[in-house]
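A structural walkthrough
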Amino acid sequence: MLVFTRPDEWQKLRRAYFNTPASIGFVPTMGALHSGHSALIRRAAEENELCVVSIFVNPTQFDRSDDLLAYPRALSADLAAAEAAGCDLVFAPSIEGMYGSRPERSAADYGHLTETLEAAKRPGHFDGVVTIVRKLFKTVNPDKAYFGEKDFQQLAVVRELVKREKLPVRIMPCALVRDADGLALSSRNVRLSPADRQNALALWHTLREMKSRKQHLDPRKLEKWAQRHLEQQPGVELEYVALVNENSFEPAQKWDEPVRALVAAKVGAVRLIDNEPLTD
Ligand code: PAF
């Protein structure tokens, strides 16, 4: 596995080491890799001749500087995990390399999608995501890019970016990966204390229980039930729980549309998100 750090190195490396044309599968990450990332990398490696993983903690997508500082960083373990999952090249640029001397983000205004839920709670977050994903796509030029459904709204925003800017890349959604106890895998989980980790399970348990309650309640009523339920869970500071139409992100009204439940909460000092489809 090769590691490169400068955006302009990629085209040279590609010419020197790999015969073109080769299909490129790309997995953008912020490092602190876990089994969810490994699943994305394995799939990208299986479905393409070359698998490229980027590791870059993108400063412009953090709405709070304390969150950026606390974000876990583990480059040598990440390199080992990427290689074990079948990655051929890791792109690990510096902030300067991606942004020059002043990291700036450009506004991504995709209507309701970039106003609701995560966008409302983390102002500027999707501007930063779109800014860096656009830069990474332009550098790596992948045929396919793999994104986890854990960040379900991010996936929708990236799809919209590709559609609006007619970027020549296929977005490949990959199912969320859970730990054995049901907690959605996240790089942030390492910051949960054992007690917080236990409390955090309320998110998954509530999503699961919503599935069994949907026979009796319409989506609007089920959302109200989930909100009341999560507000009562010890150690969970609920930010939102929402039942939305997966395509429009508008509040879901009926069970004959594709409904997904999305939740965000602080548990201890850690902000967690999770989601689950409620219709087939
Ligand atoms: O999902 C992430 O890890 C990040 O938001 C991404 C897509 C790598 C952009 O920094």
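For the structure itself, consult the block above.
Every value quoted in this text rests on a predicted model; they were computed, and no experiment measured them. (Residues numbered from 1 in each chain as written. Predicted model: local features only at pLDDT ≥ 70, side-chain atom pairs only at ≥ 80, totals over all residues. Heavy atoms only, no water.)

**Overview of empty space enclosed by the protein**
As a reminder, the rule being used: Residues are said to line a cavity or pocket when one of their atoms sits within 4 Å of a point; the points come from a 1 Å grid over protein atoms alone, cavities being sets where a 1.4 Å probe fits but cannot get out and pockets being open sets with protein on both sides within 12 Å along at least five of seven lines. Grid points are joined across faces, edges and corners, and a volume is the space filled by probe spheres set on the points. Helix and strand labels come from DSSP, where a helix needs a run of H or I of at least four residues and a strand needs a run of E of at least two; each type is numbered from the N terminus.
Summed over all chains, the structure comprises 3 cavities of 30 Å³ or more. Approximately 870 Å³ is the volume found for the largest cavity. H37, Y71, K150, D151 and Q154 are, among the 46 residues lining the largest cavity, the residues nearest its centre. When contributions to the lining of the largest cavity are tallied by element, the ones reaching two or more residues are β2 (24-29), α2 (35-47), α7 (125-140), β5 (144-148), α8 (152-164), β8 (259-267) and β9 (270-277). Considering each element in turn, the lining of the largest cavity owes the most residues, 6 residues, to α7.

**Some details on helix α1 (residues 9-17)**
Worth spelling out the cut-off: Only protein chains enter the accessibility calculation, which uses a 1.4 Å probe; a residue whose area is less than 20% of its type maximum is buried, one above 50% is exposed, and one in between is partly exposed. As used here, the arc belongs to the directions running from the helix axis to the C-beta atoms. A contact between two residues is defined here by any heavy atoms of the two lying within 4.5 Å.
Buried within α1 we find W10, L13 and R14. Along α1, the residues classed as buried sweep out an arc of 100 degrees about the axis, all on the same side. Along α1, the residues that are exposed and aim more than 90 degrees away from the buried face are R15 and A16. On its buried face, α1 is in contact with β1 (2-4), β2, β3 (50-55), β4 (89-91) and α7.

**Quick notes on the site of the ligand**
So the rule is basically this: Near residues are defined by distance, with any heavy atom within 4 Å of the molecule or strand qualifying the residue. Whenever a nitrogen or oxygen atom comes within 3.5 Å of another N or O atom, the pair is scored as a polar contact, on the condition that within protein one atom can donate a hydrogen and the other can accept it, and that pairs from neighbouring residues in sequence are kept only if both atoms are in side chains. Per-residue accessibility takes into account occlusion by the displayed protein chains alone, with areas from the Shrake-Rupley method and a 1.4 Å probe. Whether a molecule sits in a cavity or pocket is decided by its atoms, more than half of which must lie within 2 Å of the grid points.
In the vicinity of the ligand, the residues found are P28, T29, M30, N58, Q61, I132, F147 and Q154. For the ligand, an oxygen atom lies 2.6 Å from a polar atom in the side chain of Q61. Q154 is positioned such that a nitrogen or oxygen atom in its side chain is 2.7 Å from an oxygen atom of the ligand. About the coverage of the ligand: the protein hides 89% of its 290 Å² of free accessible area. Because more than half of its atoms lie within 2 Å of the grid, the ligand is assigned to the largest cavity.

**Brief notes about the packing of helix α9 (residues 194-213) against helix α10 (residues 219-231)**
Operational definition: The angle between two axes is taken between their N-to-C directions and runs from 0 to 180 degrees, where each axis is a line fitted to C-alpha atoms and a helix contributes only its stretch in contact. Note on angle classes: values under 35 degrees are labelled roughly parallel, values over 145 roughly antiparallel, values of 65 to 115 roughly perpendicular, and the remainder oblique. Left-handed describes a crossing in which the near helix is turned anticlockwise from the far one by less than a right angle; the clockwise case is right-handed.
It is at 11 Å that the axes of α9 and α10 come closest, and there the two elements cross at 150 degrees. It follows that α9 is roughly antiparallel to α10 by the angle criterion. The two elements α9 and α10 meet at a crossing, and its hand is right-handed. Of α10, the residues touching α9 (which contributes A202, L203, T206, E209, M210 and R213) are L222, W225, A226, H229 and L230.

**As for the environment of S94**
Mapped onto the fold, S94 is located in the loop between β4 and α5 (95-99). On the basis of relative accessibility, which here comes to 39%, the residue S94 falls in the partly exposed class. Sequence spacing of S94 and I55 is 39 residues, and the spatial spacing of their C-alpha atoms is 9.7 Å. The contacts of S94, once residues within four sequence positions are left out, are T5 and F56.

**Focus on the pattern of salt bridges**
Heads up, the rule is: Salt-bridge detection follows one rule: a side-chain nitrogen of Lys or Arg within 4 Å of a carboxyl oxygen of Asp or Glu.
Overall, the coordinates contain 20 salt bridges when judged by the stated rule. R102 is paired through a salt bridge with E104; the nearest N and O atoms lie 3.1 Å apart. Accessibility expressed as a relative area gives 46% for E104, which makes it partly exposed. The partner of D274 in a salt bridge is R178, with the nearest N and O atoms 2.9 Å apart. With a gap of 96 residues between them, D274 in strand β9 and R178 in the loop between β6 (170-174) and α9 connect regions that are remote in the sequence.

**Examining the sheet that holds strand β7 (residues 236-245)**
What counts here: Two strands are counted as paired when DSSP detects at least two bridges linking them.
Reading across the sheet, the 3 strands line up as β7-β8-β9 and stay open at both edges, with antiparallel pairing between neighbours. On the outer flanks of this sheet lie β7 and β9, each paired with one strand and no other. If you compare each strand with its neighbour and ignore which way they point, the axes differ by 15 degrees on average. Bridge analysis of β8 against β9 gives 8 bridges, and the strand direction is antiparallel. Among the inter-strand pairings, L262 is bridged to a residue of β9, identified as N275. Along the sheet face, α9 touches β7, β8 and β9 and points at about 20 degrees away from the line of β9. Strand contacts of α10: β7 and β8, with the helix running at about 170 degrees to β7, the strand carrying the most contacts.

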